[in-house]
Amino acid sequence: MFRPMRKIAAVALVPAIAFVFAISLVLGGTMVLVANHYNLGWYNSRTDSALLLAEAGINDEITYIAQHLGDTAVTSKSSQPTAGVGETEVYPGEGHVVYGRKGTVSGFSSKYFWVYSSMDSAGATAWDGITPNFYVTARAKVDGAWRKVQAQVKGESVFSLYAIVALASYTNNSNAISLSSATATISGTMLTNGQVSNSSSTIVASNAINANTISNNTGQFTASNVANGGTLYSQSAPWVYPSTVEVLKLLKGQTGLSDSAAWTWIGTAANNSNATGIYTYRTTAQNSTISSGNCQLASGVSLGGTPVLQNSTFTGANAKPGTTRSSNNVTISAIGNTTPISITTSSNHGLGTGDSVQITGATPAGVNGQWVVTKTGPKSFTLNGSTALGAGSTGTASPNLVKTIILEPGDYYLSQINISYASTIELIVDPNALASGGTAGQVRIWINDTTNGAQNDTLSIPISGPNGTTLSPDSFRLYYGKDNRGITISRPNSITDYAGNTISADFTLYGGVYCVTKKPGDASSLNGTQITFSGNTSGNTAKIVLNGALVADKVAFQGLCQITYSPSSKTDPLIGTGISGGYTDFP
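Nothing here was measured: the structure is a model prediction, and the numbers come from that model. (Residues numbered from 1 in each chain as written. Predicted model: local features only at pLDDT ≥ 70, side-chain atom pairs only at ≥ 80, totals over all residues. Heavy atoms only, no water.)

This part takes up the overall build of the protein chain. For the protein chain, the helix and strand inventory stands at three helices and 32 strands. Residue burial in the protein chain is summarised as follows: out of 587 residues, 48% are buried. Relative to all contacts within the protein chain whose residues are 6 or more apart in sequence, the contacts with residues 24 or more apart total 67%. Surface summary for the protein chain: the accessible area is close to 25000 Å², and the carbon and sulfur share equals 53%. (Helix = DSSP H or I, 4+ residues; strand = E, 2+ residues; numbered from the N terminus. Buried < 20%, exposed > 50% of the residue type's maximum accessible area, 1.4 Å probe, protein only. Contact = heavy atoms within 4.5 Å. Areas by Shrake-Rupley, 256 points an atom, 1.4 Å probe, with all protein chains shown as cover.)

Once that is clear, we can look at the side chain of Ser201. Within the element layout of this structure, Ser201 appears in the loop between β7 (195-199) and β8 (202-210). A relative accessible area of 10% means that Ser201 is categorised as buried. Side-chain polar atoms of Ser201 contact the backbone nitrogen of Ser180, separated by 3.5 Å. Those residues in contact with Ser201 that sit more than four places away from it in its chain are Leu179, Ser180, Ser181 and Ala182. (Polar contact = N/O pair within 3.5 Å; in protein donor to acceptor, adjacent residues only side chain to side chain.)

Below, the discussion takes up the pattern of salt bridges. Evaluation of the coordinates by the stated rule reveals 14 salt bridges. Here Glu89 ties to Lys141 by a salt bridge, and the two come within 3.0 Å at their closest N and O atoms. A residue pair is termed long-range when its members are at least 10 positions apart, and Glu89 in the loop between α1 (22-68) and β1 (101-103) and Lys141 in strand β3 (residues 133-142) qualify at 52 residues. For Lys141, a relative accessible area of 22% translates into the label partly exposed. One connected set of salt bridges, linked through shared partners, spans Asp60, Glu61 and Arg101. (Salt bridge = Lys/Arg side-chain N within 4 Å of Asp/Glu carboxyl O.)

Before going further, it helps to examine the sheet that holds β1. Strand order in this open sheet of five strands is β1-β2-β3-β4-β32, and the pairing throughout is antiparallel. A single partner strand is all that each edge strand has here, and the edge strands are β1 and β32 (574-586). Within this sheet the neighbouring strands show an average axis-to-axis angle of 25°, counted without direction. (Pairing = 2+ DSSP bridges. Axes fitted to C-alpha atoms, helices over the stretch in contact; angles between N-to-C directions.)

Three or more residues of helix α3 (residues 259-266) are buried, namely Ala262, Trp263 and Ile266. Along α3, the residues classed as buried sweep out an arc of 100° about the axis, all on the same side. Residues Ser260 and Thr264 are exposed on α3 and point more than 90 degrees away from its buried face. Its buried side turned inward, α3 meets α2 (244-252), β20 (410-414) and β23 (443-447). (Arc of directions from axis to C-beta.)

Further remarks concern the environment of Ile447. Within the secondary structure, Ile447 is located in strand β23. When the C-alpha atoms of Ile447 and Lys482 are compared, they prove to be 7.2 Å apart, with 35 residues separating the residues in sequence.

Considering every residue of the protein chain, the mean pLDDT works out to 84; 86% of them sit at 70 or more. Per-element averaging of pLDDT across the protein chain places α1 at the bottom with 66 and strand β26 (residues 476-480) at the top with 97. This stretch, residues 323-327, has a pLDDT under 50; its non-local contacts, to residues over four places away or in other chains, come to 19 contacts. (pLDDT = per-residue confidence, 0-100.)

Any two aromatic rings considered together are summarised by their centre-to-centre distance and by the angle between their planes. Inspection of the entire model under this criterion finds 14 aromatic pairs. With a centroid separation of 6.4 Å and 55° between ring planes, the pair formed by Tyr112 and Trp114 is classed as tilted. Of the residues examined, Tyr112 reaches a relative accessible area of 29% and is grouped as partly exposed. Overall, Trp114 belongs to the buried group, its relative accessible area being 1%. (Phe/Tyr/Trp six-rings, centres within 6.5 Å; stacked < 30°, edge-to-face > 60°.)

Tracing the chain through its elements places Thr137 in strand β3. Thr137 has contacts with Ile58, Trp114, Val115, Tyr116, Lys148, Val149 and Gln150, leaving out every residue within four places of it along the chain.

Strands sit in the order β11-β10-β19-β22-β25 across an open sheet of five strands; the sheet is mixed. The open sheet has two edge strands with one neighbour each: β11 (295-297) and β25 (463-464).

Below, the discussion takes up the environment of Arg147. For Arg147, the position within the fold is in strand β4 (residues 145-157). Separated by 96 residues in sequence, Arg147 and Leu51 have C-alpha atoms that sit 5.4 Å apart. When residues no more than four places from it in sequence are discounted, the contact partners of Arg147 are Thr47, Asp48, Ala50, Leu51, Ala54, Tyr91, Ala138, Arg139, Ala140, Asp585 and Phe586.

Turning our attention to the nonpolar core. Ranked by size, the top nonpolar core spans 59 residues in total, and within it Ile186, Ile531, Leu550 and Phe557 carry the most contacts. A per-element tally of this core places strand β6 (residues 175-192) first, with seven residues. (Core = buried A, V, L, I, M, F, W, Y, C linked by side-chain atoms within 4.5 Å.)

In helix packing, the relevant descriptors are the interaxial angle and the interaxial distance, both defined with respect to the helix axes. It is the contact of α2 with α3, at a shortest axis distance of 10 Å, that shows an interaxial angle of 60°. When the axes of α2 and α3 are compared, the pair comes out oblique. Handedness of the crossing formed by α2 with α3: left-handed. Contact residues: Thr244, Val245, Leu248, Lys249 and Lys252 in α2; Asp259, Ala262, Trp263, Trp265 and Ile266 in α3. Class assignment for the residues of the contact of α2 with α3 results in six nonpolar, one polar and three charged. (Parallel < 35°, antiparallel > 145°, perpendicular 65-115°, else oblique. Left-handed = near helix turned anticlockwise from the far one by under 90°. Nonpolar A, V, L, I, M, F, W, Y, C, P; charged D, E, K, R; others polar.)

Bringing the pairing of β20 into the picture now. Counting buried residues along β20, five of its five residues qualify, which places the element largely inside the surrounding structure. Burial of β20 is two-sided: the residues Gly410, Tyr412 and Leu414 facing one way and the residues Asp411 and Tyr413 facing the other way are all buried. Relative to β23, β20 runs parallel, the two sharing five bridges. From the neighbouring strand, Tyr412 faces β23, where its bridge partner is Ile445.

For the rest of this paragraph, the subject is the pairing of β4. For β4, a buried count of ten out of 13 residues is recorded, marking the element as mostly surrounded by other parts of the structure. Where β3 folds back onto β4 in an antiparallel hairpin, the turn is made up of two residues, including Asp143, whose phi is positive at roughly 50°. Sheet topology note: the β4/β32 ladder contains nine bridges and is antiparallel. Each bridged residue has a counterpart across the sheet, and for Glu156 the counterpart in β32 is Gly576.

Once that is clear, we can look at unusual backbone geometry. A cis geometry characterises the amide bond from Thr339 onward to Pro340, with omega recorded as -5°. Within the fold, Pro340 resides in the loop between β13 (330-335) and β14 (342-345). With omega at 5°, the peptide bond leading from Thr363 into Pro364 counts as cis. A positive phi angle is found at Asp143, which is not glycine, with a value near 50°.

Below, the structure written as structure tokens:
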């Protein structure tokens, strides 16, 4: 805390002019000096009390914000830099009544603070309830003495602190972090409330925190789990995060709903992007660029009625084959003068009915372009919707074997996601809304089954950025809310692309993953959720990678895994605030 020095005017005694008055002047001067020292001591006592009360106002505002983060109206999330109704007090040197919410603390019933939150130190603009860095200013008055204190405050979001948070600390001592033949490398800090089970595995992080040590004083992280130069911390209390559905209510301003009603709300077509935010390539797309000219709404895809994303979603009318990976070219040996036009290739084309192909260099020229085909043989197919243009014998056919689904900014609700690896499908997250030409924003997938079905969930394909770009970790979120269920994000061992070439690259997920249903201390029947990261286990170096942050009840690692922490920005709901820049104490 910084308290600037204040200048105090000393009492100047007038020297005696004549001896006859000397004794009286000295005595009188002594009495004046004593009186002023008494007044100064009383003044300092009052100003120190005012300082303490102002600081209490700062803390009161931080608590107030934590209690109101879920409010729908911005003006109710914090105290406003405006005058309260009926306020008459004026802070010295200011030409208006004091701004902020009026309050007091126990023992100061007739002494008050006034506190507000603002975007700027001057208090000209109220805090917007989202921006993580802002100011809290408090003024206090105690028996006529005023003090003003201001603190720089930083809001903390659900993904803003640690690479991994494993919350499980249940009475049955179930593991918070489980490792099975795993090598897990964590760039960032990992925290656990519960047990860490290590079976022929290693996990090493930049730093580690053992929380809830009053309940778990053994079986957590050890110094061997911390990289050179890192630190192993401990604390007796558990860390508590909101459940996934509570995050949903905070983020969408639906804090008045029950948990079940909140899931019903996000599952309603008007409140998610399942029918309007799913895009794919146009049949007429001439290249692989994600753009409004090359892309269209995915006809036949509406996850609102049947909110399941699985391999069969990437079919015919749903996800058009694009041209992102279309280098498996074959030479055309004959073009028939037929309706539809028949094509014969010199080698097996690998196409199936409903797939698409890009034809270039053909004669007649009208055959060139993007076509959906009907397979007639391993070396022959016809072009759907075409009419005879004359016979020919030249050109190249480039099968577009990869079907594409593009998720535009918004919220998607699923009761299940079950996508196993396939070389012919791809899922693209498009936070800049290139496919739709709409407004950029975060892509969020919410997974829950209100019937509490038996299905777990899997995701075993990469999630790519548009046009080969690397996604920002803030661009994608996966929120999982199935109690006693789990989701596995994996990088299979031996995989090939559509042309049969071996893939040796990592699978990288950019974003935040949140899987919480049972908070520490919850005595209900909830069992918690688990996220499993499963990397390569066959001896090569391919890993499953999360570039972002993870919060879950329970975490399991298998094979080669890596988490690289990337803090979130204001696109996530705040879960609290704290002093970031210290206090400034104004005279």
